[in-house]
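Coordinates in review
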Number of protein chains: 2
Amino acid sequence: MTDRVGFIGLGIMGRGMTRNLLNAGHAVTVWNRTAARMEEFVAAGATAAASPAALAAVCEVVILCVSDTPDVEQVLLGEQGVIHGIRPGSLVIDMSTISPQATRDLAARLAAQGVAMLDAPVSGGSEGAARGTLSIMVGGSEADFARALPLFQAMGKTITRVGEQGAGQLVKLVNQILVVVNMLAVSEALLFAQAGGLDLPKTIQAVAGGAAGSWMLSNRGTQAIVRDFRPGFTIDLQQKDVRLVLEAADQMGLPLLATGMVYQLYRSLQQQGLGHEGNHALIKALEHLALRQVGAAPDA
Amino acid sequence: MTDRVGFIGLGIMGRGMTRNLLNAGHAVTVWNRTAARMEEFVAAGATAAASPAALAAVCEVVILCVSDTPDVEQVLLGEQGVIHGIRPGSLVIDMSTISPQATRDLAARLAAQGVAMLDAPVSGGSEGAARGTLSIMVGGSEADFARALPLFQAMGKTITRVGEQGAGQLVKLVNQILVVVNMLAVSEALLFAQAGGLDLPKTIQAVAGGAAGSWMLSNRGTQAIVRDFRPGFTIDLQQKDVRLVLEAADQMGLPLLATGMVYQLYRSLQQQGLGHEGNHALIKALEHLALRQVGAAPDA
């Protein structure tokens, strides 16, 4: 029998993911804090639930994609939470990015009720969610992974089981260290290029194919030099993920010089009211220090 | 008439480049400070010169690939330097990585003798030099670039004229900012992964294809986790290039937080006697701070 699927959290990521589950032919029940957001999915064939508990009562697999650790705790354990409706033998898949330690604690709470859990945070932004090309980093048992795989395949492309519960979140945080420090590299490189009077598109073209190459350079660097700071992923959300990195690093007694610096730079941008811009607006913090601006917007 | 080519500097890079010029059928005269290194090239059909001046007297194009700014100045302007043999109408191509400002000064000195100059630093390491797959970043006039192009095509793959004299060196320094700060990102990410008990090859595999991806992660990261610190490019040479970045940034009044930090971290490794290791041994400086080690060498 095919699992009936519940999806909680129809935000910037969850919307595309739910759409792709429906397109793949899955029966999907949805719940969202702001109820109006459910309407378009009901129109597309989904069923709306009245609460996370009500959703869990009619599904064998409950997927979550919400913002932060407290949101996941509220949706799972709160007054109308999943835990009050879910039946033994069910599977919870948390696709949010939250604390690895909190993940292990939640998994233990669910296990006490006979419910399995996978942490399966994603990378690839809203474009990846919409196109079904997300990278999905999964922590949990082999059997639970196998059960969830058809669902993951509807939402993502690179799907990797990276270890036991919590490992998915840890790998996602590794991903975020790389993303933000690579963007720090891109920011310093472009500021240097600008100060030296170089042609910025030509400079990126000359170096992107070699040892200096990165996804952030080819994608966010080329946006930054035309002053396009629309978010693939906002500073506010990126900052939240970097905070999770630094909290986990603190617990492990690990110093992270560059990642810690990026956290402070993002904070300065949030203070300037730029938290809604894309994470590549990190370059603006360095521009502010250098009293220089990189590139120019194309003529209107 | 085809230009007769001189090549000065048969070091780790120059050897492969000279070999590829010979393989492409060019007549090549060589000079090297340590004369014994010329022997294998004479055996392969090159002519050995007694000095840079003597080499310049019999060539229309003089290529240099030596270590640092003072070496280029010595080879071009020293007692037996190129400038004492070269004839008007000739072209000097400096493929070393040196100061952009010194490059412009040298170009002016040569121009006063009717000699043109291109700065054409490379990226791609000794492997790229041997295979003829270097990235070559060229500064200078369109006409000089066109004259040199057949020679560049024998040595490299991505060949980009990036601007006027000095621009090649500036773009190379942009390249080096990206290389070292991307390696800083890889180092922090792998330390975090190790501290979290993750499977390191699986972690790299899960994130390398997405927004976290970089050449340094896929190439040097995978070397670092098996404790393979053999140099594609040594810390001593990398440190020299980062010094050129910081000197140029100082002249432009530009603060570079992360690049400056990497410079200090490399200095700590040089103090430990590790300057001969690959630039990805940057991770050892962070391991030293964290009292942890990433990965393990494969069983012998």
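Within every chain, residues take consecutive numbers counted from 1 along the sequence as written. In the order they appear in the text, chains get letters beginning with A and ligands get numbers beginning with 1. Whole-chain, interface and lining totals are the exception, using all residues; otherwise, since this is a predicted model, local features are given only for residues with pLDDT of at least 70 and side-chain atom pairs are given and counted only at 80 or more. As a convention, hydrogens and water are excluded, and side-chain values are obtained from all of the structure's heavy atoms.

1. Topic: the overall build of chain A
Note on conventions: DSSP H or I runs of at least 4 residues are helices, E runs of at least 2 residues are strands, and numbering of each starts at the N terminus. Secondary structure summary: chain A contains 13 helices and nine strands in total. A compact globule built from 300 residues would reach a C-alpha radius of gyration of about 19 Å, and chain A, at 20 Å, matches this within 12%. Overall, the C-alpha framework of chain A stretches about 65 × 45 × 35 Å when taken along its three principal axes. Using a 1.4 Å probe on the protein chains alone, a residue whose accessible area is under 20% of its type maximum counts as buried, one over 50% counts as exposed, and one in between counts as partly exposed. Taken over 300 residues, chain A has a buried fraction of 62%. Throughout, a contact is declared for two residues whenever any of their heavy atoms are within 4.5 Å. Pairs at least 24 residues apart make up 67% of the contacts formed inside chain A by residues separated by at least 6 positions. Note that accessible areas follow from Shrake-Rupley with a 1.4 Å probe, and for residues the cover is restricted to the protein chains shown. Working note: accessible area of chain A is about 11,100 Å², and carbon and sulfur atoms make up 51% of it. As a reference, a globule follows 2.2 Å times the number of residues to the power 0.38, and the radius of gyration itself is taken over C-alpha atoms.

2. What to know about the relation of the copies chain B and chain A
When chain B is fitted to chain A, the residual RMSD is 0.0 Å, and the transformation amounts to a turn of 180 degrees plus an axial shift of 0.0 Å. Here the copies are linked by what is in effect a two-fold axis. Among all residues of chain B, the minimum C-alpha distance to the rotation axis is found for S214 of chain B, at 2.0 Å. Most of the interface of chain B is mirrored in chain A, where 100% of its interface residues are also at the interface. Copies are brought into register by a least-squares superposition over C-alpha atoms of residues with pLDDT of at least 70 in both.

3. So, the pattern of salt bridges
All names here are of chain A. Think of a salt bridge as a Lys or Arg side-chain nitrogen and an Asp or Glu carboxyl oxygen that are within 4 Å of each other. Within the structure shown, the criterion is met by 27 salt bridges over all chains. Two residues, R243 and D68, come together in a salt bridge whose shortest N-O distance is 2.7 Å. Taken together, the residues R243 in helix α11 (residues 235–252) and D68 in the loop between β4 (61–64) and α4 (69–77) connect sequence positions 175 residues apart. The class for R243 is partly exposed, based on a relative accessible area of 26%. Among the salt bridges present, the one from R161 reaches E142, with a minimum N-O distance of 3.3 Å. With R161 in strand β9 (residues 156–163) and E142 in helix α7 (residues 142–155), the pair connects residues that are 19 residues apart, well separated along the chain.

4. Focus on the packing of helix α4 (residues 69–77) of chain B against helix α5 (residues 100–111) of chain B
Residues and elements named next belong to chain B. Orientation is described by lines fitted to C-alpha atoms, with helices fitted over the stretch in contact, and by angles between N-to-C directions that extend from 0 to 180 degrees. With their axes 11 Å apart at the nearest point, α4 and α5 run at an angle of 5 degrees to one another. When the interaxial angle is binned, α4 and α5 end up roughly parallel. Facing α4, whose interface residues are T69, V72, E73, L76 and L77, α5 presents A102, L106, R109 and L110. A per-class count over the contact of α4 with α5 returns six nonpolar, one polar and two charged. Angles below 35 degrees are treated as roughly parallel, those above 145 as roughly antiparallel, those between 65 and 115 as roughly perpendicular, and all remaining angles as oblique. Under the grouping applied here, Gly and all other residues not named as nonpolar or charged are polar, the nonpolar ones being Ala, Val, Leu, Ile, Met, Phe, Trp, Tyr, Cys and Pro and the charged ones Asp, Glu, Lys and Arg.

5. Thoughts on the environment of D71 of chain B
Residues and elements named next belong to chain B. With respect to the helices and strands, the residue D71 is situated in helix α4. Sequence separation between D71 and G9 is 62 residues, and the spatial gap between their C-alpha atoms is 9.9 Å. D71 has contacts with R33 and V66, leaving out every residue within four places of it along the chain. Within the structure, D71 has its side chain in polar contact with the backbone nitrogen of D68 (distance 2.8 Å). For the purposes of these results, a polar contact is taken to be a pair of N or O atoms within 3.5 Å, where, inside protein, one atom must be able to donate a hydrogen and its partner to accept one; residues adjacent in sequence count only when each atom of the pair is a side-chain atom.

6. A word on the environment of E60 of chain A
All names here are of chain A. Inspection of the secondary structure puts E60 in the loop between α3 (52–57) and β4. The exposure class of E60 is buried, given its relative accessible area of 12%. Within the structure, E60 has its side chain in polar contact with the backbone nitrogen of R4 (distance 2.7 Å).

7. Considering the nonpolar core
Among the nonpolar cores identified, the biggest contains 116 residues, and L178 and F192 of chain A together with L178 and F192 of chain B are the most heavily contacted of them. The element that contributes the greatest number of residues to this core is helix α8 (residues 167–195) of chain B, accounting for 20 residues. Beyond its immediate stretch of four places on either side in the chain, L178 of chain B contacts A185, V186, A189, V207, A212 and L217 of chain A. Joining through side-chain atoms within 4.5 Å is the link that ties buried Ala, Val, Leu, Ile, Met, Phe, Trp, Tyr and Cys residues into a set, and such a set is a nonpolar core.

8. A short note on the environment of R292 of chain B
Mapped onto the elements of the fold, R292 of chain B is located in the segment after α13 (282–290). Note: C-alpha distance between R292 of chain B and Q194 of chain B (98 residues apart in sequence) is 8.6 Å. Residue contacts for R292 of chain B: discarding those within four places in its chain leaves M252 and L254 of chain A together with L191, A195 and E287 of chain B. From its side chain, R292 of chain B meets the backbone oxygen of M252 of chain A in a polar contact 2.4 Å long.

9. Some remarks on the interface of chain B and chain A
Facing 58 residues of chain B, the contacting portion of chain A comprises 58 residues. Roughly 4,900 Å² is buried in total at the junction of chain B and chain A, and carbon and sulfur atoms are behind 74% of that figure. Counting every contact that joins chain B to chain A gives 12 residue pairs in polar contact (both at pLDDT 80 or more). Contributions of two or more residues to the side of chain B that touches chain A are made by β8 (134–139), β9 (156–163), α8, α9 (200–207), α10 (215–224), α11 (235–252), α12 (257–271) and α13 of chain B. Values labelled buried area give the accessible surface lost by two parts on being combined, using a 1.4 Å probe and summing over both.

10. Quick look at helix α5 (residues 100–111) of chain A
All names here are of chain A. For α5, spanning 12 residues, the distance from its first C-alpha to its last is 16 Å, which sits close to the expected 16 Å at 1.5 Å a residue. Within α5, the full set of buried residues consists of P100, A102, T103, L106, A107 and L110. Along the axis of α5, the buried residues cluster in a sector spanning 150 degrees; they form a single face. Against α4, β5 (91–94), β6 (116–119) and α8 (167–195) lie the buried residues of α5. For α5, the capping residue at the N-terminal end is S99, with a side-chain oxygen 3.2 Å from the backbone nitrogen of Q101. What a helix is expected to span follows from its residue count: subtract one and scale by 1.5 Å. What the arc measures is the spread of directions leading from the helix axis to the C-beta atoms.

11. Topic: the pairing of strand β1 (residues 5–8) of chain B
All names here are of chain B. Taking every second residue as pointing to the same face, both faces of β1 are buried, with V5 and F7 on one and G6 and I8 on the other. In this description, strands pair whenever DSSP reports at least two bridges between them. Across four bridges, the pairing between β1 and strand β2 (residues 28–31) is parallel. What sits directly across from V5, in β2, is V28. Think of it like this: strands point away, you trace from the first strand over the helix to the second, and a clockwise trace means the crossover is right-handed. Traced from β1 through helix α1 (residues 14–23) to β2, the parallel crossover comes out right-handed. By the bridge criterion, four bridges tie β1 to strand β4 (residues 61–64) in an arrangement that is parallel. Opposite V5, over in β4, you have V61 as the bridge partner.

12. Some details on the domain arrangement of chain A
All names here are of chain A. These domain boundaries are the output of an automatic or database domain assignment. What the domain assignment lists for chain A is domain 1 (5–164) and domain 2 (170–290). Taking the mean C-alpha position of each, domain 1 and domain 2 sit 29 Å from one another. In this complex, domain 1 contributes 17 residues to the contact, which on the side of domain 2 involves 12 residues. Between domain 1 and domain 2 lies a buried interface of about 1,100 Å² when both sides are counted; carbon and sulfur atoms form 60% of it.

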